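# Secondary and tertiary structure notes
Given next are the chains, with one letter for each unit.
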Amino acid sequence: VEFDGSGSFAHTKGTLSAMWDFGDGESAEGLKATHAYQKSGRYAAVLSVKNLINPACSESQDTKNVLVNAPPAVVLTVSKAACVGEAVEFIANAHDPDSDVLEYYWTFGDGTMLRGGPKVTHEYQQGGQYRVSVITDDAQKTSCSTGTAETFITINTPPQAHISLPAHLQMNNV
């Protein structure tokens, strides 16, 4: 996280002393600072500035709340192999370390997309191998708000019986 306190001021330029408290036990000096939080959570980052010319002047502080988001983890499982036209159940076992409510976005590999829950069913109309993916989103709108999992499923086409006989052995539709 990049912190910028350059909007702080004193009447005499260059007379400010700045100290950051990032809310996780770490600190830094200067009007600008960069900090990497090691755990997700909510932190109160505090900037304290002092006037170096007149230490009798009171210290000023500003506090901003920082949300450090952790991405959800998700594992995708398929209930069974299937044939064309059969319902296939997909299950996304997901966990969000921040306990955020998750949204699920499914892609089934056949052009079908769905916003649904952690358990969905889908029917394929043609045989083949399909890549199925699910994206879980914790709606925090950070760069690590989503988790993704994918798997492959093979959809079998049912066999079709067909008998060929020599013409002299064939009977008309009996």
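One structure accompanies this document, and this report is about it. Just so it is clear, the model here is predicted, and its values are computed rather than measured. (Residues numbered from 1 in each chain as written. Predicted model: local features only at pLDDT ≥ 70, side-chain atom pairs only at ≥ 80, totals over all residues. Heavy atoms only, no water.)

### Describing the overall build of the protein chain
Selection criterion: Secondary structure elements are defined from DSSP: runs of H or I of at least 4 residues count as helices, runs of E of at least 2 residues count as strands, and each element is numbered from the N terminus. Using C-alpha atoms as the atom set, the radius of gyration is obtained and then compared with a globule rule of 2.2 Å times the number of residues to the power 0.38. Type-normalised accessible area, obtained with a 1.4 Å probe on protein chains alone, sets the label of each residue: buried when under 20%, exposed when over 50%, and partly exposed for intermediate values. Contacts between residues were defined by any pair of non-hydrogen atoms, one from each residue, lying within 4.5 Å. For the purpose of counting charges, residues Lys and Arg are taken to be positive, whereas Asp and Glu are taken to be negative. His and the chain ends are not included. Charge coordinates come from a single atom per side chain, which is NZ of Lys, CZ of Arg, CG of Asp or CD of Glu.
The helix and strand inventory of the protein chain stands at 0 helices and 14 strands. Counted from the first residue to the last, the protein chain has its helices and strands arranged as β-β-β-β-β-β-β-β-β-β-β-β-β-β. The C-alpha atoms of the protein chain give a radius of gyration of 30 Å, which is well past the 16 Å a tight globule of 174 residues would have. Oriented by its inertia axes, the alpha-carbon framework of the protein chain measures out at about 115 × 25 × 20 Å. Every one of the 174 residues in the protein chain was classed for burial, and the buried ones make up 28%. Taking the intrachain contacts of the protein chain between residues at least 6 apart in sequence as the baseline, contacts between residues at least 24 apart amount to 53%. If the 11 positive side-chain charges of the protein chain are averaged to one point and the 19 negative ones to another, these points end up 4 Å apart.

### Observations regarding the packing of aromatic side chains
Here is the rule: Stacked, edge-to-face and tilted labels apply to pairs of Phe, Tyr and Trp rings (six-membered ring for Trp) whose centres lie within 6.5 Å, assigned for plane angles under 30 degrees, over 60, and everything in between, in that order.
Inspection of the entire model under this criterion finds 8 aromatic pairs. Each residue in the set Phe3, Trp20 and Phe22 is aromatic and connected to the rest through ring pairs, giving one cluster.

### Let's talk about the sheet that holds strand β9 (residues 87–95)
So the rule is basically this: Here the rule is simple: two strands pair whenever DSSP picks up at least two bridges between them. Note on geometry: axes are lines fitted to C-alpha atoms, helical ones only across the stretch in contact, with angles between N-to-C directions running from 0 to 180 degrees.
Read across the open sheet, the 3 strands follow the order β7-β9-β12; overall the sheet is antiparallel. Only two strands of the sheet have a single neighbouring strand rather than two, namely β7 (73–78) and β12 (119–123). Neighbour-to-neighbour, the strand axes of the sheet open up by a mean angle of 25 degrees, direction not taken into account. Strand direction decides the pairing type here: β7 and β9, joined by 6 bridges, are antiparallel. The residue of β9 that forms the bridge with Thr77 is Ile91.

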